[in-house]
Amino acid sequence: MSEAVRLSGVTVRYAGSTDEALRDIDLTLHAGEVMLVTGRSGCGKSTLMGLVNGLVPHLHTAEISGKVEVHGLTPADEELHQMGRVVSTVSQNPRTQFFCADSTAEMAFAGENAGLEPDLIRRQIAAVTERLSMTRLLGRPVAQLSGGQKQQVAIAAAAVNDPQLYVLDEPTSNLDDSGVEAVRRLLGHLREAGSTVLITEHRLAFLRRLVDRVVVLDRGRIAMDVPAAEFFALDDERRRELGLRRLSEEAGSASPAGARSTAEQGAGGLEVEGLSYRYRRGLPPALVLDRLHVPRGRVTVVTGPNGAGKSTMVRVLSGLAQPQRGTIRLDGKPLDRRALLACSHVVMQDVNRQLFSDTVEGELVTGAGRRQTEGVLEGLGLDGMGERHPMSLSGGQRQRLAVAAAVAAEADLVFFDEPTSGLDHDGMLAIAQLARRLADDGRVVVIVTHDQELAAECADVVVSVGR
Amino acid sequence: MFDVRSLVFTVVTLDALVLAALPRRIDLLALAVLMLLLLAYRLWRQLLALVALAVVLLGAAWLLRLGSGPVVGALGIAVLYLWRYSLAGAFGWFLITRVRPTEFMAAMTRMRIPQFLAVPIAVVLRFVPTVLTEGRAIIDAMRMRGLLGGPLSVLRHPIRTAEYLVIPMLAGAVRAGDELTASALCRGFGSPGRRTTIVQLHFGVADVALMLVTVAVAAYGFGVGLR
């Protein structure tokens, strides 16, 4: 078997950083193999992908020692567009990897840039979409596609390029179950066609039977390099030690074990009746809630497919959007939108959008109203960081800072919007514990997520929205 | 609707005329053309905003002309300048929000426009919706913190509002830009060598008409055909 990728003694250090992102890596990927690379957040997975497609060092400047070979080429010595003819990359965020507003144009983009004949590009698009049975996604406005459909288009665009090697960097981290299923199906097609694939993921269960080999990275080193069968047979203890998400769908059932019946749910909390919300007159309602009770002191998990109105629900229940019909009561008292907004706090999927101050301490006192900052940072594991700039914190710390701002503002209702997309096992557990603590304080806590593992970990009440 | 090429031609020509110090009321003709474009694209709200802007600024300029004295005169000139820049901006906004990067690149490829000119503009076109989404989310976050009470609070604390809005927006744009750059470069965007396109553009009768109107406005601006 010929070698698609060969790394020997590779060490990578980013410019301006003292730590090595990867240390002394020896790795071979054979042509026709599907290899999964996984490990904790920050273990060096993305750096490894960047080495192969050339983004490291071309876009992310780094010092590389050792030898990197991709189909006989050294990515650091080639131009990025030359590497792009050999390696097709699909990245995790469907929102920022598209250049075109139309799905067919997106699939043609790489070929057009390479100066291929338009007719050849059209034939390739037709052949690939036929083979992957996704002709119904041709010619669609990208803005109207779901996250899962966008990732399918991205994978098809990669296939139209007919590369020697596919690099998929956490392709499912923003997707719901049906999106993951679609990616799984396409990956199966690629594998059957004998393609060489390098994929990183935190979600592992869906890749069982789709990969040949698994590499686990730990702080920049290879902790494990084994055949897939051996990896998926790991016991739970070893898996947690490596900081990995669960390996099968069955372990820890999808329906929450801790869910309590309505009778036990305790009094108080948020009660919703006859609610409907539409973006504009003439459009069908984006959200309809006939009855909903979100109890105080419990963690309520809201699940449902992409586009079912989960995010709209958060906007309406937190007072960011005004519903056209319906009442919302808190502990029996009806609240209007303003009153609701004053007592709620949403921890957004991208927390960077809600950090405004230049210090952690300042973040707690920014905003209107009374603030209770005593001991808040300490309680959230941010002690001693009061003077730091929020953007110098890690992703997990920033999430906790957003929660700290909610606690300081004495928010009674705390909403989490997809808090664990792209997070490893430890990150997911940390969110679960945070939610639990907020609920134990007697707040109303709502988590909107399609992360079944998170739901199983912390849900007291589960609400399904949509189909 | 219209072809990218005729739109770019019209907007660039009329913007130059509006901003140039020509002795004629070229701005009124340009306003009429923009109103027709907004009508053709059924952008009712934008049309209304444009009319309101024209009434307020031109009305103010007219009222100021009734008065006398150096201060009033200077104010009148300032308002007229503001009007011309606003109109030029409105043209630009129309083009940026209506033209999609794919069609723009296709047109530029057809016309053999060098990549160093076309690529940055295409990136800007691609970036507008991303920045808008980012801005909306940040405004939500500001409302949640009570940093933004309503339109009045923007007027009362313009600098504070701008600071809270602009800094996270720039940070978000840089982040999104990094990812977009990575994706575009890996797929050979901006690489040397000739680009092709599978997009078929249609240059129709409407485009010819639009360009003729533009040429006519330009001719009037330079005084051709008038004595």
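What you are looking at is a predicted structure, and each value in this text was computed from that prediction instead of being measured.

> I keep staring at the nonpolar core and nothing clicks. Help me out?
The nonpolar side chains of a soluble globular protein tend to be buried, and buried together. Core analysis: the largest hydrophobic core is formed by 53 residues, its most contacted members being Phe 99 of chain A together with Leu 7, Leu 87, Phe 94, Phe 104 and Phe 189 of chain B. Residues within four places of Phe 189 of chain B in sequence aside, it is in contact with Phe 99, Phe 109 and Asn 113 of chain A together with Met 105, Val 119, Ala 122, Val 123, Ala 184 and Arg 195 of chain B.

> Even after reading the chapter, I still don't get the interface of chain A and chain B, so can you show me in this structure?
It is common to give the size of an interface as the accessible area that goes away when the parts come together. Taken together, the 53 residues of chain A in the interface contact 46 residues of chain B. Both faces combined, the contact of chain A with chain B buries some 4400 Å², and carbon together with sulfur accounts for 57% of it. Among the residues of chain A in contact with chain B, Phe 99, Arg 353 and Phe 356 of chain A are the three that bury the most area, contributing 18% of the side total. Measuring nitrogen to oxygen at the nearest pair gives 2.1 Å for the salt bridge that ties Arg 315 of chain A to Asp 140 of chain B. Scanning the region where chain A abuts chain B turns up 20 residue pairs in polar contact (both at pLDDT 80 or more). For the side of chain A that touches chain B, the leading source of residues is helix H5 (residues 103-113) of chain A, giving nine residues. Considering only residue class, the side of chain A that touches chain B consists of 24 nonpolar, 17 polar and 12 charged.

> How should I be thinking about the state of the cysteines in this particular structure?
Disulfide: a covalent bond formed between the sulfur atoms of two cysteine residues. Counted under the stated rule, the structure contains zero disulfides over all chains. Residue Cys 43 of chain A stays outside any disulfide, its sulfur separated by 20 Å from that of Cys 186 of chain B, the closest cysteine. On the basis of relative accessibility, which here comes to 2%, the residue Cys 43 of chain A falls in the buried class.

> Honestly, helix H6 (residues 118-131) of chain A in this entry has me stumped. Any pointers?
Since the α-helix turns once every 3.6 residues, residues separated by three or four places project in the same direction. Residue and element names in this part refer to chain A. With 14 residues, H6 should cover 20 Å at 1.5 Å per step; its first-to-last C-alpha distance of 20 Å lies within 8% of that length. Those residues of H6 that sit buried are Ile 121, Ile 125, Val 128 and Thr 129. Taken end-on, H6 shows its buried residues confined to a sector of 95°, consistent with a single buried face. Among the exposed residues of H6, those pointing more than 90 degrees away from its buried face are Arg 123 and Glu 130. Buried residues along H6 sit in contact with H5 and helix H7 (147-160).

What counts, and at which threshold
- Every chain is numbered independently, its residues counted from 1 as its sequence is written.
- Written order determines the labels here, with chains lettered from A and ligands numbered from 1.
- Owing to the predicted nature of the model, reporting of local features is limited to residues with pLDDT of at least 70; listing and counting of side-chain atom pairs is limited to 80 or more, with chain, interface and lining totals taken over all residues.
- The basis for every side-chain value is the complete set of non-hydrogen atoms in the structure, without hydrogens or water.
- As used here, the term nonpolar core means buried Ala, Val, Leu, Ile, Met, Phe, Trp, Tyr and Cys residues forming a set that is joined through side-chain atoms within 4.5 Å.
- Each residue is assigned to one of three classes by its accessible area relative to the maximum for its type, calculated with a 1.4 Å probe on protein chains only: buried under 20%, partly exposed between the two thresholds, exposed over 50%.
- Contact definition: two residues touch when any of their heavy atoms are within 4.5 Å.
- Put simply, buried area is how much 1.4 Å-probe accessible surface two parts lose in total, over both of them, once they are put together.
- By salt bridge we mean one thing: a side-chain nitrogen of Lys or Arg within 4 Å of a carboxyl oxygen of Asp or Glu.
- The definition of a polar contact used here is a pair of N or O atoms within 3.5 Å, where within protein one atom must be able to donate a hydrogen and the other to accept one, and adjacent residues in sequence count solely through side-chain atom pairs.
- Numbering of helices and strands runs from the N terminus; a helix is a DSSP stretch of H or I covering at least four residues, while a strand is a stretch of E covering at least two.
- Here the term charged refers only to Asp, Glu, Lys and Arg, the term nonpolar to Ala, Val, Leu, Ile, Met, Phe, Trp, Tyr, Cys and Pro, and the term polar to all other amino acids, Gly among them.
- Here, a disulfide means two cysteine sulfur atoms that sit within 2.5 Å of each other.
- By this rule the span expected of a helix is its residue count minus one, scaled by 1.5 Å.
- This arc corresponds to the set of directions leading from the helix axis out to the C-beta atoms.

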